[in-house]
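# Examination of the molecular architecture
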Amino acid sequence: RFMTPEKAAYYRLMLMAGLREQYDHDIDEALERENPITIPLLDLACHMSDLNQTISILADYIVDNKPNEQQVFSMVVQELRRLYTDGSLSIKDIIEIMYIIAKDCETEGNPVWDDFSLLYYDYEMVESNFVSEEQFQQAFETWLFRGERLNLWEVIESNQPQKQNIFADFIRKMFRKEKLL
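## Quick notes on a nonpolar patch on the surface
Taken together, the side chains of I37, I39 and L42 present a nonpolar region at the surface, about 270 Å² in accessible area. Structurally, L42 can be placed in helix α3 (residues 39-46).

## Describing the environment of N65
Note that N65 resides in the loop between α4 (51-64) and α5 (69-85). By relative accessible area, which is 28% here, N65 ends up partly exposed. Measuring from C-alpha to C-alpha, the distance between N65 and E6 comes to 8.9 Å, with 59 residues separating the pair along the chain. Here the side chain of N65 touches Y61 through a polar contact of 2.9 Å, landing on its backbone oxygen.

## Here we look at unusual backbone geometry
Glycine aside, the phi torsion of most residues is negative, and most peptide linkages are trans. Geometrically, the link from N35 to P36 is a cis peptide bond, its omega value of 5° lying close to zero. Inspection of the secondary structure puts P36 in the loop between α2 (21-33) and α3. Phi is positive for N129, close to 65°, though the residue is something other than glycine. Mapped onto the elements, N129 comes out in the loop between α7 (114-127) and α8 (133-146).

## A short note on the nonpolar core
In this structure, V76, I101, F116 and F136 are the most contacted members of the largest nonpolar core, which totals 52 residues. Sort the elements by how many residues they give to this core and helix α6 (residues 91-106) lands first, with eight residues. Leave out the neighbours within four places in its chain, and V76 touches Y10, L13, M14, I101, W113 and F116.

What counts and what doesn't
- Residues numbered from 1 in each chain as written.
- Predicted model: local features only at pLDDT ≥ 70, side-chain atom pairs only at ≥ 80, totals over all residues.
- Heavy atoms only, no water.
- Patch = residues over 30% accessible without salt bridge, like charges linked within 9 Å, V, L, I, M, F, W, Y side chains within 5 Å.
- Areas by Shrake-Rupley, 256 points an atom, 1.4 Å probe, with all protein chains shown as cover.
- Salt bridge = Lys/Arg side-chain N within 4 Å of Asp/Glu carboxyl O.
- Helix = DSSP H or I, 4+ residues; strand = E, 2+ residues; numbered from the N terminus.
- Buried < 20%, exposed > 50% of the residue type's maximum accessible area, 1.4 Å probe, protein only.
- Polar contact = N/O pair within 3.5 Å; in protein donor to acceptor, adjacent residues only side chain to side chain.
- Core = buried A, V, L, I, M, F, W, Y, C linked by side-chain atoms within 4.5 Å.
- Contact = heavy atoms within 4.5 Å.

Have a look at this one:
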């Protein structure tokens, strides 16, 4: 079946994040298979070139048909895993996509998506040179492939020869950065 509440939520999030390859493939396939064509599929097919209208149709469907957020989360992670594994997207690209999705899902107060925001904030430590790309990659891959979050502060502290308050340094640096903006 082309449209389930979970697929509608998944497609909506992916389209909002700029990823439409799977959606386009699935809708084309559904148009060839479904007979008769269902109303949601017909509505979506009529608005394929209008991304905002497509997202709106999907959002309306979700309001009427509550998705299982854990299933939607799993679908999104599976797609991000595929895009990372096949080299289509870099870690930074995936982190930015995760942040877009987290920001949308955060408005609903859903803790299922918390790791998306947390990994985005962890990536800021790479950009601030508190964590190496390799350390972050290890933490990211541990989360992506095993579903386990590594505490990057513990990784940093275990790699520090002298005991210094790296957390305080990071906060000070971020505060200065915010003041400059």
